[in-house]
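Here's the letter readout for the chains.
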Amino acid sequence: ADLHYNLGVAHLQRGNLAAAATSLESTLNLRPNDVDALNQLGFVQLRQRRLDDAIATLERALELNPRLTSARLNLATAKRLSGATDEALQLYQQVVAADPKNQEARLAIGDLMLERGDLRGAESQYRAVLKDNERSHVAWNNLGLVLMRTNRTQEAIQALERAVALNPRSAVYLNNLGAAYERAGQIAKARTRYEEALKLDPKLEDARKNLNRLANR
């Protein structure tokens, strides 16, 4: 069983999901209650977008070990992708209740709140992440989006500039920063950011639409 498990983990690390699933399933044929194998298999199934299988596998892992944070996070992600956002939110909140500094869960809670239009709640989560890790470019970017939607444009620019400084290869961040500059009336800076975004990712339609709109002004 150990051999199958170790082989499954090795396949997963190499990105060979099908082989990883086969090896981990072999492990579970020999040790049906192997929590680590269940968690790893659930994660593989999640990566394969086999969401129903992933949910069932990860729920089984949590039945055996309710304190396994990684399984709860994986299950929350599977629920979120399947459209069960209320259940996903509850699972992420359970993670934060046990570990208030868990950045992955806080970011996910913030994203779900942002999607629902709970801007105050989303901002609170992103700021909590940044309090513990001011180098989280994801939190800076998402905070910038909240600030944009609450008409705090200058603050949004500052947040998005931080995101770009921390991750200058993100076309999405550059496009978001361009949108903030455009809203502030800084059209030249906006155009530059849109152009930089398209240079990094020529398929980023939002940036192309934004740049075309500026060209037609």
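What comes next is a walk through the structure. (Residues numbered from 1 in each chain as written. Predicted model: local features only at pLDDT ≥ 70, side-chain atom pairs only at ≥ 80, totals over all residues. Heavy atoms only, no water.)

**Some remarks on the pattern of salt bridges**
(1) Moving on: A complete count under the given rule lists 13 salt bridges for this structure.
(2) Moving on: Asp34 serves as the salt-bridge partner of Arg31, at 2.8 Å between the closest nitrogen and oxygen.
(3) Moving on: Judged by relative accessible area, Arg31 falls into the partly exposed class, the value being 31%.
(4) Moving on: Where Arg193 meets Glu196, a salt bridge forms, and the shortest distance between an N and an O atom there is 3.2 Å. Here Arg193 pairs with Glu196, and both are found in helix α12 (residues 187–200), just three residues apart, close to one helical turn.
(5) Moving on: Residue classification places Arg193 among the partly exposed residues on the basis of a relative accessible area of 22%.
(6) Moving on: Each of Asp2, Arg31 and Asp34 takes part in a single network of salt bridges with overlapping partners. (Salt bridge = Lys/Arg side-chain N within 4 Å of Asp/Glu carboxyl O. Buried < 20%, exposed > 50% of the residue type's maximum accessible area, 1.4 Å probe, protein only. Helix = DSSP H or I, 4+ residues; strand = E, 2+ residues; numbered from the N terminus.)

**Details of the environment of Ala179**
(1) Moving on: For Ala179, the position within the fold is in helix α11 (residues 171–183).
(2) Moving on: Take Ala179: its relative accessible area is 23%, and that puts it in the partly exposed class.
(3) Moving on: Along the sequence, Ala179 and His11 sit 168 residues apart, while their C-alpha atoms lie 41 Å from each other.
(4) Moving on: With sequence-adjacent residues up to four places away left out, Ala179 is seen in contact with Met148 and Tyr194. (Contact = heavy atoms within 4.5 Å.)

**Digging into helix α5 (residues 69–82)**
(1) Moving on: The terminal C-alpha atoms of α5 lie 20 Å apart, and with 14 residues this matches the ideal 20 Å at 1.5 Å per residue to within 8%.
(2) Moving on: Within the sequence span of α5, burial applies to Ala71, Arg72, Leu73, Asn74, Leu75, Ala76, Ala78 and Lys79.
(3) Moving on: Residues of α5 that are buried sit in contact with α3 (35–47), α4 (51–64), α6 (85–98) and α7 (103–115).
(4) Moving on: Gly83 lies just past α5 and shows a positive phi near 100°. (Expected span 1.5 Å × (residues − 1).)

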